[in-house]
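The chain contents come next:
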Amino acid sequence: MQRFSGFGLAKHALSHHENWQRMWRNPTPKKEYDVIIVGGGGHGLATAYYLAKEHGITNVAVIEKGWLGGGNTARNTTIVRSNYLWDEAAHLYEHSMKLWEGLSQDLNYNVMFSSRGVYHLCHTLHDLREGERLVHANLLNGIPNEMLDKDQVAREIPALNCGKNARYPVMGATVQRRGGVARHDAVAWGFARGADALGVDLIQQTEVIGFRQSNGVIEGVETTRGFIAAPVVGCVTAGNSGVMAQQAGFRLPLESHPLQALVSEPIKPVLDCVVMSNHVHGYVSQSDKGDLVIGAGIDGYNGYGQRGSYNTIEHTLSAIVEMFPVFSRVRMNRQWGGIVDTCPDACPIISATPVKGLFFNCGWGTGGFKATPGSGNVFAATLAKREAHPLAKPFSMDRFYSGALIDEHGAAGVAH
Amino acid sequence: MSTVSSKKSASRKVAQSNRLTRGGRINRNKPLKFSYNGKTYEGFEGDTLASALLANGVDIIGRSFKYSRPRGIFAAGAEEPNAIMQLGATEATQIPNVRATQQELFDGLVSNSVNGWPNADTDLMSYIGKAGGKMMPPGFYYKTFMYPESMWMTYEKYIRKAAGLGRAPAEWDPDTYDKMNHHCDVLVVGAGPAGLMAALTAARAGARVIIADEQQEFGGSLLHSADTIGGLPAAEWVKGIVTELQRYEDVLLLSRATVNGYHDHNFLTIHERRTDHLTDRAPLNMSRQRMHKVRAEWVILATGAHERPLVYANNDVPGNMLASAVSTYIRRYGVVPGNKLVLMTTNDDAYQTALDWKLAGRDVVAIVDTRANPTGALIEEARKLGIRLIPGSAVIDVEGGKRVHGAVCCSIDATGSKVTSGKEVLTCDTIASSGGWSPVVHLSCHTGSRPVWNDEIIGFVPGAAKEQRLCAGAVHGVYGLGKVLEDGVNAAQQAVAALKLNQPEVELPSTFEPVKSPAMALFYVPHVKPVSRAPKQFVDLQNDVTAGGIALATREGFESIEHVKRYTAMGFGTDQGKLGNINGMAIAAMTMGKTIAETGTTIFRPNYTPVTFGAVAGRDAGHLFDVKRFTAMHKWHVEQGAEFEDVGQWKRPWYYPKAGESMHDAVNRESKAVRDSVGILDASTLGKIDIQGPGAREFLNRIYTNAWAKLDVGKCRYGLMCHEDGMVFDDGVTSCLGDNHFLMTTTTGGAAGVMEWLELWHQTEWPELEVYFTSVTDHWSTLTISGPNSRKLLAELTSDIDLDKDTFKFMDWRAGTVAGVPARVFRISFTGELSYEINVQANYGLHVWEKLFEHGAKYNLTPYGTETMHVLRAEKGFIIVGQDTDGSVTPFDLNMGWAVGKNKPFSFLGQRGMQREDCVRDNRKQLVGLKCSDSSVVLPEGAQLVDNPKHPVPVPMLGHVTSSYYSPNLGHGVAMALIKGGLSRMGDKVYAPLRDGRVIEAEICSSVFLDPKGERQNV
C-alpha cells in the first residue's frame, strides 16, 4: 500500500499525480471465501478491515450491490459521541470512540475526525434531570461528560439563542467534548483501502439475492454474479436488513424508516461544535466545507424509498431557526434521505441467527455512523470466533424474547 | 483598498462602459445606485446585479474556492457558478451566497464578494493557490494533515477558515415568511415558449392552472431571443400570451417563483421571492418570501435547457463565458461584456452570439468551430457579416490572468480527441463557448426517475415518469422554436384529455426555423499535453474541479460516478453542478473507456436553487414556533406573580413566590399550607379523554393493566398503561360516568400520545369494539383543593352535593353545582390529603377559582404549583410517570403489582411483555425510597447510586435517584430511586458519587414517607 503523507503529496506533484495507485482493486469474485460480508458500507468495510488486521483472516469478500459506502454512510450527518445512558450501550460506543481517536493514523487515511464537542441542550426541568442522570452514569463508566448551566452554554455557543424569549428557553446542556464529526465518505474509503491492502476482495455492483443453507447451516450466498461459498457470512445491510433476514428465513424486530437530512450553502465558520436538542427537535453542526449539516427525526411511516416527506424538512428547519434565529436568512442547498433500521429499544442487533454461521449486524437506526469502527471491530471478533464479542453479547437478538432490552430512546433522542 | 482600483471604479461609475445606448429590457430612465465591495456604481431598472456589474466593466467578482483564482461572471441565470455574493446593507439583513445573475438590482443594493484577502482583485491567498495548487489534487486532504495526530485540530481550523463562501448574519432576521397551499389540475414549471403554450392550452380548456417561473418576467429564453413568433418579436408575443393568461380566474401566474422541489404524489414546492427585488428588508406587513405547497393533478415540466460550456485550459479566467449568456447580456440588458470576442462552438445555435456581438458594434475576432465543415443559415449569416470562421479547431488554452488576453487556437481531429496543428493565438478579451445544451432534468430526478442519455441530442433527458408528469420543450430534448411551441400544446393536450376536459382551440403561431447542421459531441477539449499535465481545465468552476482531477479520481479507483463526485467535490457547490456535471460525467466515462450512458448521472435532489431557511420554516418561527397552551386561570396566576414551567406545550404555574421569597421558601410555605389547612392547584392541564360506547369498558380492560369490569357509575379508579413490552408509559384516574361512558385522565405531557395510542389500538387491532374517543382536555377546568379543610371549603360553595364522608367516599365522583356552576367533583388525591378535583366547563374556571378564594381566605387557601405538587406526592411515594419511570419499568418494579389484574379474561397490553424471563428475574431495578444519612442533604435528581464509591472506574451502578425534594413537613429530604433489587434491600446504605466530587450516603427505605396507612385522605 502506498503510504499517504504531505511528503508523498509533494513527491507525486512532481510526477503530475500520475503514479498514485488505486485505493482498492476491482477483483473478480473467487468461488469461495473464509468469510463473506454482505454490504460494503462503513460497518461492513470496518468489519472486513478488522477481520484481516486483528484476526488474520484475509480470505474475505465484501459484497456490495452498489458502490462502496453508498448507503447510509454516504448520507449521514456524521455525529460521533459515546454518551449513552445504559452500561451496555455506553461501553460499546465508547469502544468505538476510542477507535475513532487515532483512526486516521491507523488507516493512514485522514478521516477528519474532529473532536469539536457535542452539546445536548436542556430546555425543561425534565431535560435537566435526564442530563444529570446521563452525566453521572457516563462519569462512573469512565466516559467524560459535563453539565453546563445556561450561561456557560451561551458563552460556548454564541450563535445559539439562549435568551428567555425562546419558546423553550435553554436551561443548560450536557457536553461531550471528545465527540464531534468526521468525513463520512473518507471513513468508508479508508477502511476499504486498508482492507484491500490486507487482501480483502471488495466486490461492487454485485447483489446478494439469497443465502444458501443446508440443515440450518450457511453455505454461502447467491449473488447476481453466481454462488459464492463461505462457512461464515456476516450481513451488514442497515435499512435492508429486514429483507435480507427474510431471504435467510427469519424475521427481525426492525422497522425501516426514511431519515432525512439537509445542508445549507457553505458559509464562513459560525458554529464550531455539534448542537443537538431533543426537545426543540433538531441538530446542527458545520462541516469543514462550511455547510450547516442539519437533521431531526425519522419519517413516521415505514418505507424503503430513500426519500421522505416535506413536512419533516419543515419541522426540522423550524427547529433550527428557533434555536439559531441568525440562520433564518441562510439558505438550504440540498436535502436527501436514507433508510434506517430502527429497533424497539433504539439499540443495535449484533447477533448470531437461527442459521448457523450467519450473523447479523443491524438495527443501528439513526445513529450508526458513530459506531462504525466499534461495530466493525466487535463484529469482526464475533465472526472470527463465531461467538459474540463480550461487548456485543448484550445486543443479541435473543433480548427481544428475554426482555433484556437496552432502552436508549432517551440518549438516542433526536435522530442522528 | 488600493488606489488603482478606486480610480478604475471612479471612471466606471460614470461610464457604464459596456452599456449599449439602446436595446434591452432595461429602463434607462430609471438609474439605480448600488455598491459592490464598497464602491458605488450605477445600473438601470431591469438589470440584474450581474448585468449591472458587467455594464460597469467589473471583471473580477470573486476568488475560487480552492485555488483562489480570479473569477468573473460566467453565465446569466441559475447555473452561474462564480458570481456568488454577500448581500445586505445592515447586519440583520445579510444574505450569503446570492447569485448575482438572479438578483434584480434595486436602489441602494449593497453587495460584496465573498472571498479574497485583502480583496477579490488582489488576493494574497492566490499565491498559495498558485504555489501549492499542484499539491492539492482532489482528495489531497485525505492523504495529509495526519501527522502528528495532535495537529489535526489546528490544521482543521485553517481549512475551515479558508472554506465557506458568504457569512451568516450576526443579528436576527427582521423579516417574516409565509406559506400557501394549493391544489391545481396542471402545474406548469417554466414560462418559456413551451411552458406558455402549455399553460395557455390548459387554461383555455378550463383547467385550474399554476404557472411558475424563476425569473421576474415570463418568457424564458424569449426575453433575449432574436426570433419572431406569429410575426411579432418574441417578447411582444409573450406579452400577449401573459395578458390572456391573466384573464382566467383559475390561472395563477407566479413570477420570481422557483419550483425548487418535486416530491412524491405530485407534491411540489415553489419558493417565491416577493420582496428581494425591492429592498433589503421586506416592506412593512409583507412577507419577504413565500413557499407555495402545491398538490398538482398533472405537472408539465417546461424547464428548458442550460447551455454546456466547453472544457479547455484556463477556461476560468475572467472573460470566459457561456455563449448564450453573452447573448443574454447584449439583447436583454444592453450590455456587451467586452470588446473583442472569440466564440468557440460545437453547434449552430451559438453563432447567434457572434451575430449579436457584431450587431452591437464590437469586434468578433473569430468563430472557432470544432466541426470540420459547418453549414447552415446562421453560419452563412456570420460569413456574410465578414466574421472569420475557423472550422475543425478549438480554443485549447487561454492567455491572461485577471482577464482574457488571447485564445490559443489549434486544429483538432474529427472526434475532438487530439490536437492536430500548431497554435495560433487570437487576441481577444472575451471567449464565449458552447458545447450544446443540457436539459434541466433536475426536477424529474427529484422523484427518483434517473435521467436517460440521448445520443441524438447529446444530453440527458428525464427518465420514465414516476408521477403524472409530462415534459414540454427542451427539457426532454425538443429543440427548435416551432417544435417547442407545438410540444407545449401537445403536453397540455395530454393533460387536458386525462382531466376529461374539452380540447380547446389552439393555433400554432408561425416561426422561422433556420436550417442547422448537426452538433458535435465534445465534452473535453484536448490540449497538446495529456490531461494530467495540461494547465487546469475546469469542469466545475465553483469547486475548482478539473478534468485532470476527475481523471486522477478514476485512476485511483473511484469508478462509480457517485465516487467521482464525492472524491472530487464535483457538483457539490451551490449550483449543484448545473454547468459542469455533464462534462464531468463524460470525462469520467472517457477516462474509464465507458460510454456516458454506462456512467450515468449522480442524483439531483431538492433544492433546484437554494431556499431560505426562514421560508421553509414559514410562520412556525419565533413565538409561533410551537403553540403555548394556557389554562382558563392563567391570567390569575400571572397576576399572582407565579413562575411558570413548560410541561408539554402547557405553561403551568411552578410556584408562587411572595415578595422576598426564594423558590425554596415558597415551596415550603405552599407544602405546609396544604398539609395544615388547604391548598389549590390548577390541574386543568391533565389530559382528559371522554370514552363512550358499548365497547368502552372492555377497551379499558385491554388498555389498562388492572380490571374495569366492575367499576360502578360514580366510581373512579387509578390505572397504569403499558406498552406491549410491559413497561409503564402513562397513568391516571378514569371515572365511570355511565354504563358506557368513562372519563380518562392522563399525564399532562402524555395526553396526545395516549390519545394516539387508544386510536391506534382501536383502529388497527380491535375495530370490533364500538367505542369513541374525544379529547376534552381543553373543555374542562380542573381545580384541585387539597388539605384537611378542603371539605369545609367546598361545602360553602355547593348545596346539591352531599359531601358526607360516608356517602361521598374516597375514589367517588359526583355531579352537582359548585359556585353556581354545573360541576363534576372527583374525590381523588395526589397529595395524600383529603382532596376534591372540581371540573367545570372551562369558561367558568376562573369564576369558580375566584369564588374558592373568596371563601378560602379564612382557611388560608394557598395556591400551589407543580413543584409543591411534586413534594407532596413524593412524601407519599406517588410516582410521576416519565420521572420515576423511563420506559424500562414494569408495574412490579414500581411495587405496584396491585394495579395489575391477574384474572382478566382477555389479555391486556403489556401482559406478555412483563412475563418475559428478564422482566421477572430478581435484582431488577425497583422503586424505593432513600433517606440521606445527613438529614440536611437533598440528593440531586439524576445522581447514580453505587455500593462502593471507591471502586475503580467503571464503577458498577445500582440505579439512580428519580425524584428528590426537601420535605418541609418532615424536616428532611425525601427521595425515590430505582435500585437493583431495592425492595429486598431495605435499610442498606448506598452511595451517590456526584460530579462535583461529593459522595452522599443514603439509606434505602420505603418510598412512602408520610402517612403510610393513608389515613389522611380517608377522613
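Criteria and thresholds
- Residues numbered from 1 in each chain as written.
- Chains lettered and ligands numbered in written order.
- Predicted model: local features only at pLDDT ≥ 70, side-chain atom pairs only at ≥ 80, totals over all residues.
- Heavy atoms only, no water.
- Axes fitted to C-alpha atoms, helices over the stretch in contact; angles between N-to-C directions.
- Helix = DSSP H or I, 4+ residues; strand = E, 2+ residues; numbered from the N terminus.
- Parallel < 35°, antiparallel > 145°, perpendicular 65-115°, else oblique.
- Left-handed = near helix turned anticlockwise from the far one by under 90°.
- Contact = heavy atoms within 4.5 Å.
- Core = buried A, V, L, I, M, F, W, Y, C linked by side-chain atoms within 4.5 Å.
- Buried < 20%, exposed > 50% of the residue type's maximum accessible area, 1.4 Å probe, protein only.
- Pairing = 2+ DSSP bridges.
- Domains from an automatic or database assignment.
- Buried area = accessible area lost by both parts, 1.4 Å probe.
- UniProt positions renumbered as here; feature names shortened; annotations may be inferred.
- Polar contact = N/O pair within 3.5 Å; in protein donor to acceptor, adjacent residues only side chain to side chain.

Another point: the packing of helix H9 (residues 351–359) of chain B against helix H10 (residues 377–384) of chain B. All names here are of chain B. H10 packs onto H9 with a crossing angle of 30 degrees between their chain directions and a minimal axis gap of 9 Å. By the angle between their directions, the pair H9 and H10 is classed as roughly parallel. Note that H9 runs across H10; the crossing there is left-handed. Only Leu-378, Ile-379, Glu-381 and Ala-382 of H10 make contact with H9, whose side of the interface consists of Tyr-351, Gln-352 and Leu-355.

Attention shifts here to the nonpolar core. By size, the foremost hydrophobic cluster in this structure holds 134 residues, and its most contacted members are Tyr-109 of chain A together with Tyr-329 of chain B. Beyond its immediate chain neighbours, meaning those up to four positions away, Tyr-109 of chain A contacts Phe-4, Met-23, Ser-104, Ala-186, Trp-189, Gly-190 and Arg-193 of chain A together with Tyr-142, Met-146, Phe-558 and Tyr-567 of chain B. Counting residues in each nonpolar core, the second largest holds 43 residues, with Ile-157, Val-321 and Val-330 of chain A together with Phe-613 of chain B among its members.

This part takes up the sheet that holds strand S19 (residues 363–369) of chain B. Residues and elements named next belong to chain B. Strand order in the open sheet formed by five strands is S17-S24-S18-S19-S20, and the pairing between neighbours is parallel. The sheet terminates laterally at strand S17 (320–322) and strand S20 (389–390), the two strands that pair on one side only. Of the pairings in the sheet, the one linking strand S18 (residues 340–345) to S19 comprises six bridges and is parallel in character. When the bridges of S19 are listed, Leu-341 appears paired with Val-364. With respect to the sheet, helix H8 (residues 323–333) is in contact with S17, S18 and strand S24 (430–434), its orientation differing from that of S17 by roughly 85 degrees.

Residue and element names in this part refer to chain A. For chain A, the assigned domains are domain 1 (28–76 + 182–252 + 343–410) and domain 2 (112–179 + 254–339). Distance between the C-alpha centres of domain 1 and domain 2: 29 Å. In this assembly, 16 residues from domain 1 lie in contact with 13 residues from domain 2. Summing both partners gives a buried area of about 1,100 Å² for domain 1 against domain 2, and 57% of it is carried by carbon and sulfur.

Interfaces are often described in size by the accessible area the parts lose on coming together. According to the domain assignment, chain B consists of domain 1 (9–163), domain 2 (177–305 + 439–498), domain 3 (309–435), domain 4 (530–610) and domain 5 (681–872). The C-alpha centroid of domain 5 of chain B is placed 57 Å from the C-alpha centroid of domain 2 of chain B.

Residues given the UniProt feature "domain: Rhodanese" (unreviewed entry) here are residues 35–79 of chain A. Within residues 35–79 of chain A, the helical portion is 40% and the strand portion 20%, while the C-alpha atoms at the span's ends are 30 Å from each other.

Attention shifts here to the sheet that holds strand S19 (residues 358–362) of chain A. Either a parallel or an antiparallel arrangement is found when strands of a sheet pair, and the pairing is made through backbone hydrogen bonds. Residues and elements named next belong to chain A. Taken in spatial order, the six strands make up an open sheet running S8-S2-S1-S12-S19-S18, and their pairing is mixed. Across the chains shown, the open sheet's two edge strands, defined by having one partner strand only, are strand S8 (201–203) and strand S18 (349–352). Across this sheet, the average inter-strand angle for adjacent strands is 15 degrees, counted without regard to direction. As paired strands, strand S1 (residues 35–38) and strand S12 (residues 232–235) are joined by four bridges and run parallel to one another. Paired with Val-38 across the strands is Cys-235, a residue of S12.

All names here are of chain B. Note that His-527 resides in the loop between helix H12 (481–498) and strand S29 (538–540). A relative accessible area of 11% places His-527 in the buried class. There is a polar contact of 3.4 Å between the side chain of His-527 and the side chain of Asp-397. Here Lys-529 takes part through its backbone nitrogen, which lies 3.1 Å from a polar atom of the side chain of His-527.

This brings us to the pairing of strand S35 (residues 687–692) of chain B. For a regular strand, side-chain orientation follows a simple rule: the groups alternate between the two sheet faces. Residue and element names in this part refer to chain B. The buried count for S35 comes to five of six residues, which makes it a mostly enclosed element. Pairing analysis gives six bridges linking S35 to strand S38 (residues 741–746), with the strands arranged antiparallel. The partner of Gly-687 across the bridge, within S38, is Thr-746. Direction of pairing for S35 relative to strand S39 (residues 772–775): antiparallel, over a ladder of four bridges.

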